[in-house]
Amino acid sequence: MLKKIIFFNLLFSTFITQISKSAESGGMPQLNPEFWISQIFWLIISFGVLFIVLSKFILPKIRDNIELRKSEILDNIETAEKQKTEAENTLKNYDELIRKSKNEAKNYFNDARKKIIEDIEKKKQTLDKEINIEISKAEAEVAELVKKAPEKIQKIAIETSSDLIRQLIGEEVNNSSISAIVDDLYKKNKGRYYGN
Amino acid sequence: MAANPMTQFEVYRIGPEIKINQIDISFTNASLFMIISALSILLIFNLGSSKKNIIPTKIQLLAELSYSFISKMISDTAGNKGKPYFNLIFSLFMFVLFCNMFGMLPYSFTVTSHIIVTFFLAALIFIGVTVIGFIKHGFGYLKLFVPSGVPLVLLPLIVVIEIISYLSRPISLSVRLFANMMAGHTMMKVFGSFVISLGIVGGWLPLSFSVALTGLEILVAFLQAYVFAILTCIYLNDALNLHH
């Protein structure tokens, strides 16, 4: 340190004497003690006022500001994190809800399908039954008709034959003899007309 | 030859002569710039602290960045124990910085280029630190002059050196600031006068030097304020945490 001071002194003394050769006063105005007291006095006043006002009024405000900001930022981060977890929970719930409703919809669909299939089956069965009944009724009718047909045919044949004979020979013929003939013919040709 | 480069450091009376008991405390150009510096600091930091925005305005940002800059400097050098002295170190740094910076304006006066001002500040710090040291550690503070792990033979010599280095602290602190300011401003003045004397033909070289020096001097103005503040912190650290 002392070395430094000596160095500076040497440096400046040579520097200054070289520069201020032509100056009237010469030397450094800093070393003129005329205004030393005045400088110290005004330094105390200005620095004192500066120090007091800064430390009493201004610096606490800046400190408060910085701390307020810090705490506010921390608070904001906290609430943001809280809201994030809340949002995540809501999303989870939402997903669960969607999954559940999807399953439910599937169940509904399956149930409806089953019901419809059952319904169709039942209706088909009843329809089948009805159709069968109708068919059997119709069959019975047909069978009766088949049974009755020869008799009618015989009767028609007898009547037609007697009419024909009467027209041809103009004479009444005994019905019984015609029926005998028709019967005989019918018995002969039975297999030809109603063969099963 | 151009004007004497030392005339810029002359102190002259502004207004009437004020005397209290034969002591001259007249208002001078030095006083004027001290008060201008102090008031500008107060104005800027008052503007910077009056609004409480979460997103700071530019001037608020300036105030808060300065605050955290000094705060970090203190906690880095003196630790948590240095916190009560924050206000003083902040004021010191800002005062020295603004005085240095106002000195950069043409036709202004550099308060810190006067040894009496810097020495008074340094003496204030020295006395304050010594008092704090004795309050915190009592006579144990004298252990500062006895480093541990020194051979017994060398001890008297070391103690003498330590005492001298301790006592020279205010001198080194004040001379560093004063000499830097004075040298820089003298150099600028000298180069400025070279510009005038060499005229339009040869004046460009010293002019470019002068421009470069202006940048350098602004850097030095900041750096010296920083050095002044950080050395205060280091001295304070010695007083608060006795390491030897």
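What counts as what
- Residues numbered from 1 in each chain as written.
- Chains lettered and ligands numbered in written order.
- Predicted model: local features only at pLDDT ≥ 70, side-chain atom pairs only at ≥ 80, totals over all residues.
- Contact = placed C-beta atoms within 7 Å.
- Helix = DSSP H or I, 4+ residues; strand = E, 2+ residues; numbered from the N terminus.
- Nonpolar A, V, L, I, M, F, W, Y, C, P; charged D, E, K, R; others polar.
- Core = buried A, V, L, I, M, F, W, Y, C linked by C-beta atoms within 7 Å.
- Buried ≥ 20, exposed ≤ 12 C-beta atoms within 10 Å, placed from the backbone.
- Expected span 1.5 Å × (residues − 1).
- Axes fitted to C-alpha atoms, helices over the stretch in contact; angles between N-to-C directions.
- Parallel < 35°, antiparallel > 145°, perpendicular 65-115°, else oblique.
- Left-handed = near helix turned anticlockwise from the far one by under 90°.
- pLDDT = per-residue confidence, 0-100.

Caption draft 1: Looking closely at the interface of chain A and chain B. Contacts between the two partners involve 39 residues from chain A and, on the opposite side, 46 residues from chain B. When residues of the side of chain A that touches chain B are traced back to their parent elements, those giving at least two are α1 (2-19) and α2 (36-169) of chain A. Element by element, the count of residues in the side of chain A that touches chain B is highest for α2(A), at 25 residues. By residue class, the composition of the side of chain A that touches chain B is 27 nonpolar, eight polar and four charged.

Caption draft 2: Region of the structure containing the nonpolar core. If you look at the biggest cluster of nonpolar residues, it comprises 62 residues, and the most contacted ones within it are B:I89, B:F93, B:F95 and B:V96. Of all the elements in the fold, those that place two or more residues in this core are α2 of chain A together with α1 (29-50), α2 (58-77), α3 (86-103), α4 (115-137), α6 (169-202) and α7 (204-240) of chain B. Sorting elements by how many residues they give to this core places α3(B) first, with 10 residues. Setting aside anything within four residues of it in sequence, one finds B:F95 in contact with A:F47, A:L50, B:S37, B:A38 and B:I41.

Caption draft 3: Summary view of unusual backbone geometry. Even without being glycine, B:Y107 reaches a positive phi, approximately 65°. Mapping B:Y107 onto the fold places it in the loop between α3 and α4.

Caption draft 4: Quick peek at α2(B). Here α2(B) spans 28 Å end to end across 20 residues, near enough to the 28 Å set by a 1.5 Å rise per residue. Every buried residue of α2(B) is accounted for by B:Q60, B:A63, B:Y67, B:I70, B:M73 and B:I74. Of the surrounding elements, those touching the buried residues of α2(B) are α2 of chain A together with α1, α3 and α7 of chain B.

Caption draft 5: Representation of the packing of α2(A) against α4(B). Packing of α2(A) against α4(B) leaves a shortest axis separation of 9 Å and a crossing angle of 50°. One finds that α2(A) runs oblique with respect to α4(B). When you trace α2(A) past α4(B), the crossing you get is right-handed. Mapping the contact onto sequence places A:W36, A:Q39, A:I40 and A:L43 in α2(A) and B:I116, B:V117 and B:F120 in α4(B).

Caption draft 6: Representation of the confidence of the model for chain A. Residues and elements named next belong to chain A. Overall, the predicted model of chain A reaches an average pLDDT of 83, with 83% of residues at or above 70. Across chain A, element-level confidence peaks in α2 with a mean pLDDT of 91 and bottoms out in α1 with 55. Between residues 18-24, whose pLDDT stays under 50, and residues either more than four places distant or in other chains, the model counts eight contacts.

Caption draft 7: A look at the environment of B:F209. All names here are of chain B. Mapped onto the fold, F209 is located in helix α7. On the basis of neighbour counts, which here come to 18 C-beta atoms within 10 Å, the residue F209 falls in the partly exposed class. The spacing of F209 and V195 is 14 residues in sequence and 9.8 Å in space, taken between C-alpha atoms.

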